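# Secondary and tertiary structure notes
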Amino acid sequence: MAGGAVSNRKGVNVPGVLLPLSALTGKDRADLIYGLTLGIDWIALSFVQRPEDIVEIKSIVKGRADIVAKLEKPAAINSLEAIVAESDAIGVAVRGVADLLKVAAVVAYTSSGYSALRMAPERKGWARPVRPS
């Protein structure tokens, strides 16, 4: 770990804290509005912590694209049902969340086994992928 000032394009991890910040920066808003003029179909919002993050982006999108809530912070678990209800799809950063929560195993149930195989190289000592019979 190295000390110093936090500069642009850097992240700060504060486990166990729900940050009272918008998930969107000013640049994110400008990029989103520009993308909507190009006719994008899907928007993935990273670091969703609460349903209000999705409500905020939906107020800008106004039905012109679908929203993927990317769950990368444990705080999202506290509002999971409400986040799912507001979103069109969910993406989960399994390795990141597992590391933050100190999870010993991650189980991926899939009909094809593809998701489990994609997770396998990332497992860092996790249990082997499970495919239902």
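Because the structure is predicted, anything quoted here is derived from the model rather than measured. (Residues numbered from 1 in each chain as written. Predicted model: local features only at pLDDT ≥ 70, side-chain atom pairs only at ≥ 80, totals over all residues. Heavy atoms only, no water.)

### Quick notes on the packing of helix H1 (residues 26-37) against helix H2 (residues 51-61)
Where H1 contacts H2, the axes come no closer than 10 Å and their chain directions differ by 45 degrees. Classed by the angle they form, the pair H1 and H2 counts as oblique. Handedness of the crossing formed by H1 with H2: right-handed. On the side of H1, the interface is formed by Arg29, Leu32, Ile33 and Leu36, while H2 contributes Glu56, Ile57, Ile60 and Val61. Residues of the contact of H1 with H2, tallied by class, amount to six nonpolar, no polar and two charged. (Axes fitted to C-alpha atoms, helices over the stretch in contact; angles between N-to-C directions. Helix = DSSP H or I, 4+ residues; strand = E, 2+ residues; numbered from the N terminus. Parallel < 35°, antiparallel > 145°, perpendicular 65-115°, else oblique. Left-handed = near helix turned anticlockwise from the far one by under 90°. Contact = heavy atoms within 4.5 Å. Nonpolar A, V, L, I, M, F, W, Y, C, P; charged D, E, K, R; others polar.)

### Describing the environment of Ala23
With respect to the helices, strands and loops of the structure, Ala23 is situated in the segment before H1. Counting along the chain gives 23 residues from Ala23 to Ser46, while the straight-line C-alpha distance between them is 7.4 Å.

### As for the confidence of the model for the chain
Residues with a pLDDT of 70 or more make up 69% of the chain, whose mean pLDDT is 79. Within the chain, the lowest mean pLDDT, 66, falls on helix H5 (residues 114-119), and the highest, 95, falls on H2. (pLDDT = per-residue confidence, 0-100.)

### Concerning a nonpolar patch on the surface
A contiguous nonpolar patch, built from Ile77, Leu80, Val84, Ile90 and Val92 and spanning about 390 Å² of accessible area, is present on the exposed surface. Those elements giving two or more residues to the nonpolar patch turn out to be helix H3 (80-86) and strand E3 (89-92). As for its position among the elements, Leu80 is in helix H3. For Leu80, a relative accessible area of 32% gives the class partly exposed. (Patch = residues over 30% accessible without salt bridge, like charges linked within 9 Å, V, L, I, M, F, W, Y side chains within 5 Å. Areas by Shrake-Rupley, 256 points an atom, 1.4 Å probe, with all protein chains shown as cover. Salt bridge = Lys/Arg side-chain N within 4 Å of Asp/Glu carboxyl O. Buried < 20%, exposed > 50% of the residue type's maximum accessible area, 1.4 Å probe, protein only.)

### Looking at the side chain of Glu56
Residue placement: Glu56 occurs in helix H2. Classification of Glu56 by relative accessible area gives buried; the value is 19%. Within the structure, the side chain of Glu56 is placed 2.3 Å from the side chain of Arg29, a separation counted as a polar contact. With near-sequence residues (within four places) excluded, Glu56 lies in contact with Ser22, Ala23, Leu24 and Arg29. (Polar contact = N/O pair within 3.5 Å; in protein donor to acceptor, adjacent residues only side chain to side chain.)

### Notes on the nonpolar core
Proteins that are soluble and globular tend to have nonpolar side chains buried together. Of all hydrophobic cores here, the largest spans 16 residues; its most connected members are Leu32, Leu36, Ile43, Val48, Ile57 and Val61. Among the secondary structure elements, those contributing two or more residues to this core are H1, strand E1 (42-45), H2 and strand E2 (66-71). For this core, the element with the highest residue contribution is H2, accounting for four residues. When neighbours within four sequence positions are excluded, Val48 is seen to be in contact with Asp53, Ile54, Ala69, Lys70, Leu71, Ala76 and Ile83. (Core = buried A, V, L, I, M, F, W, Y, C linked by side-chain atoms within 4.5 Å.)

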